[in-house]
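# Tertiary structure, described
Chain by chain, the residues run as shown.
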There are 4 protein chains.
Amino acid sequence: MKLRDRNGRIQFGRWEFLIQLIILLNLFAFAFETLPNLSETWRNYLYYFEVFTVSLFTVEYLLRLFLSRPRFSYARSFFGVIDLLAILPFYISTGIDLRAVRSFRLLRLFQLFKLARYNSAIQRFHRAFLIAREELILFGAVALIVLYLASVGIYHFEHEAQPEVFQSVLHSMWWAVTTLTTVGYGDSFPVTLGGKFFTFVVLVIGLGIVAVPTGLFASALSQARASEQAECSENLRD
Amino acid sequence: MKLRDRNGRIQFGRWEFLIQLIILLNLFAFAFETLPNLSETWRNYLYYFEVFTVSLFTVEYLLRLFLSRPRFSYARSFFGVIDLLAILPFYISTGIDLRAVRSFRLLRLFQLFKLARYNSAIQRFHRAFLIAREELILFGAVALIVLYLASVGIYHFEHEAQPEVFQSVLHSMWWAVTTLTTVGYGDSFPVTLGGKFFTFVVLVIGLGIVAVPTGLFASALSQARASEQAECSENLRD
Amino acid sequence: MKLRDRNGRIQFGRWEFLIQLIILLNLFAFAFETLPNLSETWRNYLYYFEVFTVSLFTVEYLLRLFLSRPRFSYARSFFGVIDLLAILPFYISTGIDLRAVRSFRLLRLFQLFKLARYNSAIQRFHRAFLIAREELILFGAVALIVLYLASVGIYHFEHEAQPEVFQSVLHSMWWAVTTLTTVGYGDSFPVTLGGKFFTFVVLVIGLGIVAVPTGLFASALSQARASEQAECSENLRD
Amino acid sequence: MKLRDRNGRIQFGRWEFLIQLIILLNLFAFAFETLPNLSETWRNYLYYFEVFTVSLFTVEYLLRLFLSRPRFSYARSFFGVIDLLAILPFYISTGIDLRAVRSFRLLRLFQLFKLARYNSAIQRFHRAFLIAREELILFGAVALIVLYLASVGIYHFEHEAQPEVFQSVLHSMWWAVTTLTTVGYGDSFPVTLGGKFFTFVVLVIGLGIVAVPTGLFASALSQARASEQAECSENLRD
């Protein structure tokens, strides 16, 4: 029962588990490939693994394409496009010049979204987002406004004291982002008394605005879980 | 139905959407203007856009002024004052010397509050604030007390070891702010054993005091949403 | 009604509001006094204000002492002790050598607790603490254990690479504190691959353990508010 | 009643309290031992305390072993293994060469888990984890994916500008970890405009994903408390 979603499709067989594992390995291989002092042997191994992965995904894509009930309908579905984007860069990069298309390889990350595909629990998150949508959007807007006001304010206070770091309002936004998210790298911070007091005020206002949506989403998620269970018990009664 | 609030005023027509877009563009233009290496051509474009915006807002202001039901009553309303403050600096800065009034341009940020105007969801936030007001104020007071005690304590521990960074209790407050909000820029931190242990104690106490209000507000907001829906269904029954 | 608590004592008259204001001003004066380049005139003003404050608090203390129903019972109450500690350091510091007792002046901060005194809402926080006590204590213990394990672990990984910063497990605890609270001053961080991966694991485990108590306390506080309202409506029915 | 858990075992007698205290002291001693400038006398004292602790734990282990109802069944239980691991390293390290086994001493930290043993409240945490398991795992997976995508993205933006700090995608992961957890040591941060904007986007998405599980677990914990109380009152009725 659990392996099928509402539309009756099989979700988590052994085959799909294997696919997920290969995607994960492939993502690791991609990260590994960027290491600067990699030996030629390792580069070859990684390339062979890449060829194997793409072949496997191509076979899977073609199978899905021919087996989809209205034939070829899969090609136009959301995951059909993602599956195509996951394998296409490989074929293009071997056909034309390798260097120029290298930047397109970032598209290989779309393979990642195949992970999301097999997981039905994402629907719950989607439902939770719908519940708290208005507040989240409003909070997002207010957060952006506070970010803007903080940038303008700190520019006013610190521009003269640190003309390099706080060159313009746009440059000051970097300070606003790292401060309001409490990351605080330490590459830009106020040195004037006014700037420091302003930072205090911004943090008092800003911390709430940045952190509240988290709580909102958490409560919406538990609400979604409750409504899901209610639906489930209704289905059992029918 | 949704486009009108309780007083029957229209809230979100296409016109108002356009106004919001222009305000946003204007705010971007203001940030853009502070870039140090801006060409003369761009400065001119930005000035023309400023003139256009202010003209538009002036027309809007006059229309609202004459169309408000008890004529001119708009001038004394909250948003009437904000709308006036959004356009006034422009006329003053062209009349008198430009340089001296430049600092007043920060007032142009009041235009931002026009964004808030068109959004009725802010009422919900206001309601949530009323629900948790007492706790939020008390928590704010306790947070300030902790901030003060932390400043005095770290001054005691670190004044001798770092006389520059921890010059006085007032200077130590900057450390207290960046530490209790967990920003931690890295421009001021304890180096003595006592100071480090004190930081640990302050963080254990302080983190809760700084972070709890967030949770309080989030729960109050969901409570406000629930009471709003109850009100809404009552209105439908009537 | 609201101005009296359960024992029928008056809580917030104008007089008490004035006292609170003076306490606040006194705290500011104490912070101001530590400024290094303060002129003689200002120092005198601050001293006069100190004398005035202590006189006022002394009169208040004596009045409370004689007016408490079982006479002098006030002296043994919690706030009686705090009130005494708030004025005693002044008399001691003028009697004996000033320099030696200066460190005792930190005790003047006990004046701060007078602020807490007039506020009955603290009872609600106390109640919330009782509700979530077990979880909070358990979480505190687990947090300390994680702190310890993190310190031992990072010492193992980073001791050789950075013998200065990670001298011993006790020195490594400073890193653990600044990392688990996400302050991250930047004075101590791992540089080895093992240390970085260990930091990742510690953060994944530790963030939850540090942050969950906040949520626990917030929910306990709203529960306390609910039970308070239930009590209040019961009282009205009687 | 409270001192016995469901299986009727005594949980918190005076003896067990003493054991806990000794474990705590032993953990402190272990941290103290790593101090670089420790005198010979202190080293000896610490060694004697170590011998005393291990003897005590050995006696306790043997007692438990012989007194467990199906005799020796204790040896195969979870805590039996932990108790053995807590004393075994001492005997091994004295038998063979001391230096080589020193690294195994980290195993002595398993003694720590004895602390967990006496505390039945951990069952509640276990129950809370079961309630929110699915969401926590899903959130963990999404967090890892975001971490990966953030690493690849920042590598793309910053590799050229800072080839040392962002050597490879694997090196960039350190930046992703310190940024998404908002620790922000300041040893690696973006300097290019693209990298800074990417950091902003990552933080907006990532903060929610990192922080929501905390809220989820807090709500699950209060749910577990409620169901525990319901169970408890049912037991009383029977």
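Note that the structure is a prediction, hence the values are computed from the model and not measured.

## Regarding the overall build of chain A
- Along the backbone of chain A there are nine helices and zero strands.
- Mapped in sequence order, the helices and strands of chain A form the string α-α-α-α-α-α-α-α-α.
- Per-residue burial for chain A yields a buried fraction of 42% across its 238 residues.
- Long-range pairs, those at least 24 residues apart, make up 63% of the contacts in chain A between residues at least 6 apart in sequence.

## Examining the confidence of the model for chain A
Residues and elements named next belong to chain A.
- Here chain A averages 73 in pLDDT, while 70% of its residues score no lower than 70.
- Across chain A, helix α8 (residues 169–180) holds the top mean pLDDT of 90, while helix α4 (residues 98–101) sits lowest at 36.
- Residue range residues 1–12 is modelled with pLDDT below 50. Its contacts to residues more than four positions away, or to other chains, number 18 contacts.
- Overall, residues 95–113 carries pLDDT values under 50, and its contacts beyond four positions in sequence, including any with other chains, amount to 29 contacts.

## Comments concerning the packing of helix α8 (residues 133–158) of chain D against helix α9 (residues 169–180) of chain D
Residue and element names in this part refer to chain D.
- Interhelical geometry of α8 versus α9 gives an angle of 120 degrees and a closest axis separation of 8 Å. Comparing their axes, α9 and α8 come out oblique. Seen along the crossing, α8 lies across α9 with a hand that is right-handed. Between α8 and α9, the residues in contact are Val 146, Leu 147, Tyr 148, Ala 150, Ser 151, Val 152, Ile 154 and Tyr 155 and Val 169, Ser 172, Met 173, Trp 175, Ala 176, Val 177 and Leu 180, respectively.
- Residue composition of the contact of α8 with α9, by class: 13 nonpolar, two polar and no charged.

## Overview of a nonpolar patch on the surface
Residues and elements named next belong to chain C.
- A surface patch of nonpolar side chains, amounting to about 600 Å² of accessible area, comprises Val 59, Leu 62, Leu 63, Phe 66, Leu 67 and Phe 72.
- Relative to the assigned elements, Leu 67 resides in helix α2 (residues 40–67).
- For Leu 67, a relative accessible area of 67% gives the class exposed.

## Let's talk about the packing of aromatic side chains
- On inspection of all chains with the given rule, the structure shows 35 aromatic pairs over all chains.
- An angle of 35 degrees between the planes, with centres 5.7 Å apart, marks the rings of A:Phe189 and B:Tyr185 as tilted. You can see A:Phe189 sitting in the loop between α8 and α9 (193–237) and its partner B:Tyr185 sitting in the loop between α8 (169–180) and α9 (193–237), one on each of two chains. Each member of the pair, A:Phe189 as well as B:Tyr185, carries the same accessibility label: buried.
- Seen in terms of ring centroids, D:Phe166 and D:Trp175 are 6.5 Å apart; in terms of plane orientation they differ by 65 degrees. Their pairing is edge-to-face.
- Assessed through its relative accessible area of 1%, D:Trp175 is described here as buried.

## Regarding unusual backbone geometry
- Of note in the backbone geometry, A:Thr182 takes a positive phi value of approximately 60 degrees without being a glycine.
- Counting through the fold element by element, A:Thr182 comes out in the loop between α8 and α9.

## Thoughts on the environment of B:Val201
Residue and element names in this part refer to chain B.
- Note that Val 201 resides in helix α9.
- Residue classification places Val 201 among the partly exposed residues on the basis of a relative accessible area of 32%.
- Put simply, Val 201 and Ala 150 are 51 residues apart on the chain and 9.5 Å apart in space, counted from C-alpha to C-alpha.

## Describing the side chain of A:Thr53
- Here A:Thr53 lies in helix α2 (residues 40–67).
- Within the local environment of A:Thr53, its side chain forms a polar contact with the backbone oxygen of A:Phe49, the two atoms lying 2.6 Å apart.

## Considering the side chain of C:Thr178
All names here are of chain C.
- Tracing the backbone shows Thr 178 in helix α8 (residues 169–180).
- Residue class for Thr 178 comes out buried when judged on its relative accessible area of 1%.
- Setting aside its immediate chain neighbours within four residues, Thr 178 contacts Val 183, Gly 184 and Tyr 185.

## Observations concerning the environment of A:Leu203
- Turning to its location among the elements, A:Leu203 is positioned in helix α9.
- Residue A:Leu203 is classed as buried on the basis of its relative accessible area of 1%.
- When sequence neighbours within four positions are dropped, the list of residues in contact with A:Leu203 reads A:Thr179, B:Val177, B:Thr181 and B:Val183.

Criteria and cut-off values
Residues numbered from 1 in each chain as written. Chains lettered and ligands numbered in written order. Predicted model: local features only at pLDDT ≥ 70, side-chain atom pairs only at ≥ 80, totals over all residues. Heavy atoms only, no water. Helix = DSSP H or I, 4+ residues; strand = E, 2+ residues; numbered from the N terminus. Buried < 20%, exposed > 50% of the residue type's maximum accessible area, 1.4 Å probe, protein only. Contact = heavy atoms within 4.5 Å. pLDDT = per-residue confidence, 0-100. Axes fitted to C-alpha atoms, helices over the stretch in contact; angles between N-to-C directions. Parallel < 35°, antiparallel > 145°, perpendicular 65-115°, else oblique. Left-handed = near helix turned anticlockwise from the far one by under 90°. Nonpolar A, V, L, I, M, F, W, Y, C, P; charged D, E, K, R; others polar. Patch = residues over 30% accessible without salt bridge, like charges linked within 9 Å, V, L, I, M, F, W, Y side chains within 5 Å. Areas by Shrake-Rupley, 256 points an atom, 1.4 Å probe, with all protein chains shown as cover. Salt bridge = Lys/Arg side-chain N within 4 Å of Asp/Glu carboxyl O. Phe/Tyr/Trp six-rings, centres within 6.5 Å; stacked < 30°, edge-to-face > 60°. Polar contact = N/O pair within 3.5 Å; in protein donor to acceptor, adjacent residues only side chain to side chain.

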